[in-house]
Amino acid sequence: MSLPAEFHEIAKRVNNWGRWGEADELGTLNLITDAVVREAVATVRTGRRIPLALPLRQDGVQSGLIPGRVNPLHTMVQINQEIFGPGTVATSDDAVTMGLQAATHWDALPHVSHSGKIYNGRPADTITAHGGARFSSIAAVAHLVSRGVLLDVARARGVDRLPGDHAVTPEDLAAAEEFGGVRVRAGDIVLVRTGQMRLALDGDRDAYGYPSPGLSVRTPEWFHARDVAAVANDTLTFEIFPPEIADLWLPVHALHLVEMGLLQGQNWNLEALSTACAEEGRYAFLLTATPEPFAGATGAPVAPAAIL
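Since the structure is predicted, the reported quantities are computational estimates derived from the model, not experimental observations.

Across the sheet, nine strands lie side by side as S1-S15-S13-S7-S9-S11-S12-S4-S14; this open sheet has mixed pairing. Each of the sheet's edge strands pairs with one partner strand only, and the pair in question is strand S1 (49-51) and strand S14 (299-301). Geometrically, the sheet is characterised by an average inter-axis angle of 25° between neighbouring strands, direction not taken into account.

If you want it as structure tokens, here you go:
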């Protein structure tokens, strides 16, 4: 089934192909300039640090809903082993098998394709079984630090968690801006809180995954108009799931990653940050969120931190 005309109309309005040159692999991360980072550093007042990552553990948030995306399997390969002989210093080493998008992560731009294309109009078949993504892999994101803005949609609506059928709209984002007394600007990393993470933290990973609130297909135009550098939220699927338009699966992924070149993140734990921002009465902060540089990967784990 081909994508509907409505999708292609939005795609034309948000498309960034060629905006930063034909060779570009970073997309909207180009909006994070030195000046943006200097302004981000200036948001730090108390030095309060809030971790935003889930633990990497075998009983993580993956329930089998997404095929092949396995929770981390941690194995000890050495335990107090005296590798240089008896009486020498002993070492313990670990190994792990996991889906790179298993827990808190960034999706790289080639994570999805549509109509045979990935970001900047490159062919989708440049992603291969042995080499992975030739262009715009997560390893291209060598550093990711900017001003973070929490749009606490759930708190702005006066609830702990949005219902599973709630599509977060541009109106919701604007209301969360007003609630937080903050204005999203060019180069920002926007964190959208739905409260869905509460289900995962309570151990109900099935309910966490489905049904899930998430971003509406209408929101990419809002992020495009604000020149946002990256977006992350506290859900498994990022966008509303099941989709708001029947049989149109992952349209926000396609609009963000393919058309806009907008990095997006999932499974971010925004609960402590929500509390901290409410306590301090401010919703902008320094955010550090550099992904692990897996060559050729279409996503990678990240351990972000907000510094207030």
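Membership of the largest hydrophobic core comes to 65 residues, with the highest contact counts inside it found for Trp-106, Leu-191, Phe-223, Trp-268 and Leu-273. Per-element tally for this core: the top contributor is helix H8 (residues 251-260), with six residues. When sequence neighbours within four positions are dropped, the list of residues in contact with Leu-191 reads Leu-52, Val-149, Leu-150, Leu-151, Ala-232, Trp-268, Leu-270, Leu-273, Phe-285 and Leu-287. Within the second largest apolar cluster, eight residues are counted, among which are Val-61, Ala-103, Met-197 and Tyr-208.

Glancing now at the environment of Thr-126. Topologically, Thr-126 is positioned in the loop between strand S4 (105-107) and strand S5 (127-128). Along the chain, Thr-126 and Pro-110 lie 16 residues apart, while their C-alpha atoms are 9.4 Å from each other. Excluding residues within four positions of it along the chain, Thr-126 makes contact with Ile-118, Gly-132, Ala-133, Arg-134 and Phe-135. A distance of 2.7 Å separates the side chain of Thr-126 from the backbone oxygen of Pro-123, its partner in a polar contact.

Here we take up helix H1 (residues 5-14). When we look at burial in H1, the residues that qualify are Phe-7, Ile-10, Ala-11 and Val-14. What you see down the axis of H1 is that its buried residues fit within an arc of 105°, all on one side. Away from the buried face of H1 by more than 90 degrees, exposed residues Ala-5 and Lys-12 are located. At its buried positions, H1 is contacted by helix H7 (219-226) and H8.

Residues of strand S12 (residues 263-266) alternate between two faces, with Leu-263 and Gly-265 on one and Gln-264 and Gln-266 on the opposite face, all of them buried. Inspection of the sheet shows S4 paired to S12 by three bridges, in the antiparallel sense. Pairing of Trp-106 across the sheet is with Gly-265, part of S12. Bridge count for strand S11 (residues 230-233) against S12 is three bridges, and the pairing is parallel.

Criteria and thresholds
Residues numbered from 1 in each chain as written. Predicted model: local features only at pLDDT ≥ 70, side-chain atom pairs only at ≥ 80, totals over all residues. Heavy atoms only, no water. Pairing = 2+ DSSP bridges. Helix = DSSP H or I, 4+ residues; strand = E, 2+ residues; numbered from the N terminus. Axes fitted to C-alpha atoms, helices over the stretch in contact; angles between N-to-C directions. Core = buried A, V, L, I, M, F, W, Y, C linked by side-chain atoms within 4.5 Å. Buried < 20%, exposed > 50% of the residue type's maximum accessible area, 1.4 Å probe, protein only. Contact = heavy atoms within 4.5 Å. Polar contact = N/O pair within 3.5 Å; in protein donor to acceptor, adjacent residues only side chain to side chain. Arc of directions from axis to C-beta.

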